[in-house]
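Secondary and tertiary structure notes
The residues making up each chain are set out below.
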Amino acid sequence: MTDPDFNLLIALDALLTEASVAGAARRLNLSTSAMSRTLGRLREVTGDALLVRAGRNMVLTPYAQATRDRAKNAVLEARAVLQPSADVLNLAELQRTFTVRANDGFIESFGPPLIAALVAAAPEVCLRFAPKPEKTARHLREGLVDLEIGVLSNMGPEIRLQALFRDRFIGVVREDHPLAAKEKVSIDDYIAWGHVVASRRGQPQGPVDDALAELGLRRKIVSVVPGFPSALAVAQASDLIALVPASFLRRTAMPLHLFELPFKTRTITVSQMWHPRMEKDPAHRWLRQTVLAVCQGEYPS
């Protein structure tokens, strides 16, 4: 009895995930022509076209759509079987790339001490930060990332999580802003000035606006930028007020004045999240423990 070529399973997973021959080739570090030949072999083995042309793009056949999750899980389970025993973890010889999906604020605040802590214990480890334009559990479910860091939101019941720290929003203005001379910023002061808002999705309204609305007030939003670094840069060069998490200011060198908001806002809990398939993986567990230790100040920042 001849077994099938199980390498085709890896290629199938890449093709169904990317829905593109070129995308699958990049993922597997192959040429497009080699990936096309592999697709031909997969079509012969499965008896299905898998990917078909739709205009300028390729789309999955019904069989491919129904098989995508099974192929993904089969590849992940196979890799788990071939990993070292949970009792064996030699950090000095560990060669692994960990991918962490986090926003710019976390990377700027905790990235340097986290990288230093990981490399000090495991010199051959590489930490890759992936961008986080939206909240979704897809990257964890598909094994594209090892950890997702942020505020829990619609991640699914199976996703594991651990709280890292609690955060709050604070107001920021340039160092010589008129508000910087005030011992305490009042709510009238706060709404008297224009505001720059950081939003990945470009949405100007947020929890602060909800809190102000409950008081019958509103602020004037002058600008919306994609991230907190941009918001700080705008505030530092203008009269606008920026709103950023307190943790984000741990490492900033900008000449800025910080003040507590003159109204109550909800506390933010930042967590690390992972898929249950990685629960007992020794290297992954070490990564989680290190992230927690860094966020709780056990390593110098």
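Preceding this paragraph is the structure being described.
Please read these numbers as outputs of a predicted model, since none were measured by experiment.

**Focus: the overall build of the protein**
The secondary structure content of the protein amounts to ten helices and twelve strands. Across its three principal directions, the C-alpha atoms of the protein cover 80 × 50 × 35 Å. Here the protein, with 301 residues, has 42% of them falling under the buried criterion. By sequence separation, contacts in the protein at least 24 residues apart represent 72% of the contacts at least 6 residues apart. A total of about 16600 Å² of accessible surface is found on the protein, and carbon and sulfur atoms cover 51% of it. Averaging the positions of the 37 positive and the 32 negative side-chain charges in the protein gives two centres separated by 4 Å.

**Digging into the sheet that holds strand β11 (residues 256–259)**
The strand order across the open sheet built from five strands is β9-β8-β10-β7-β11, with neighbouring strands paired in mixed fashion. Here the strands that pair on one side only, and so sit at the sheet edges, are β9 (220–225) and β11. When strand polarity is set aside, the average angle formed by the axes of neighbouring strands in this sheet is 35°. As defined by bridge partners, strand β8 (residues 194–198) adjoins strand β10 (residues 241–245) across two bridges and the pair is classed as parallel. Across the sheet, V196 pairs through a bridge with A242, a residue of β10. Seen against the sheet, helix α9 (residues 228–236) touches β7 (169–174), β8, β9, β10 and β11 and runs at an angle of roughly 150° to β10.

**Observations concerning unusual backbone geometry**
Even without a glycine there, the phi angle at N29 is positive, about 60°. You can see N29 is positioned in the loop between α2 (21–28) and α3 (32–46). Given the relative accessible area of 69%, N29 is considered exposed. The phi torsion at L50 lies on the positive side, around 65°, for a residue other than glycine. Judged by relative accessible area, L50 falls into the buried class, the value being 2%.

**Quick notes on helix α5 (residues 104–121)**
For α5, built from 18 residues, the straight-helix expectation of 26 Å at 1.5 Å per residue is met to within 8% by its first-to-last C-alpha distance of 25 Å. The sharpest bend along α5 comes to roughly 55°, located at F110, with the proline P112 sitting one to four residues further on. Those residues of α5 lying buried are G105, F106, S109, F110, G111, P113, L114, A117 and L118. The inward-facing, buried residues of α5 contact β4 (126–130), β5 (147–150), β6 (160–167) and α10 (282–295). By the N-cap criterion, in which a side-chain oxygen at the helix start approaches the backbone nitrogen of a residue two or three places on, α5 is capped by N103, the distance to G105 being 3.2 Å.

**Side note on the pairing of strand β3 (residues 97–101)**
Most of β3 sits inside the fold, with four of its five residues counted as buried. Relative to β4, β3 runs parallel, the two sharing five bridges. The residue of β4 that forms the bridge with F98 is L127. Where β3 and β5 come together, two bridges link them in parallel fashion.

Rules and cut-offs
Residues numbered from 1 in each chain as written. Predicted model: local features only at pLDDT ≥ 70, side-chain atom pairs only at ≥ 80, totals over all residues. Heavy atoms only, no water. Helix = DSSP H or I, 4+ residues; strand = E, 2+ residues; numbered from the N terminus. Buried < 20%, exposed > 50% of the residue type's maximum accessible area, 1.4 Å probe, protein only. Contact = heavy atoms within 4.5 Å. Areas by Shrake-Rupley, 256 points an atom, 1.4 Å probe, with all protein chains shown as cover. Lys, Arg positive; Asp, Glu negative; His and termini not counted. Charge placed at Lys NZ, Arg CZ, Asp CG, Glu CD. Pairing = 2+ DSSP bridges. Axes fitted to C-alpha atoms, helices over the stretch in contact; angles between N-to-C directions. Expected span 1.5 Å × (residues − 1). Bend = angle between axes of the 7 residues up to and from the residue. Polar contact = N/O pair within 3.5 Å; in protein donor to acceptor, adjacent residues only side chain to side chain.

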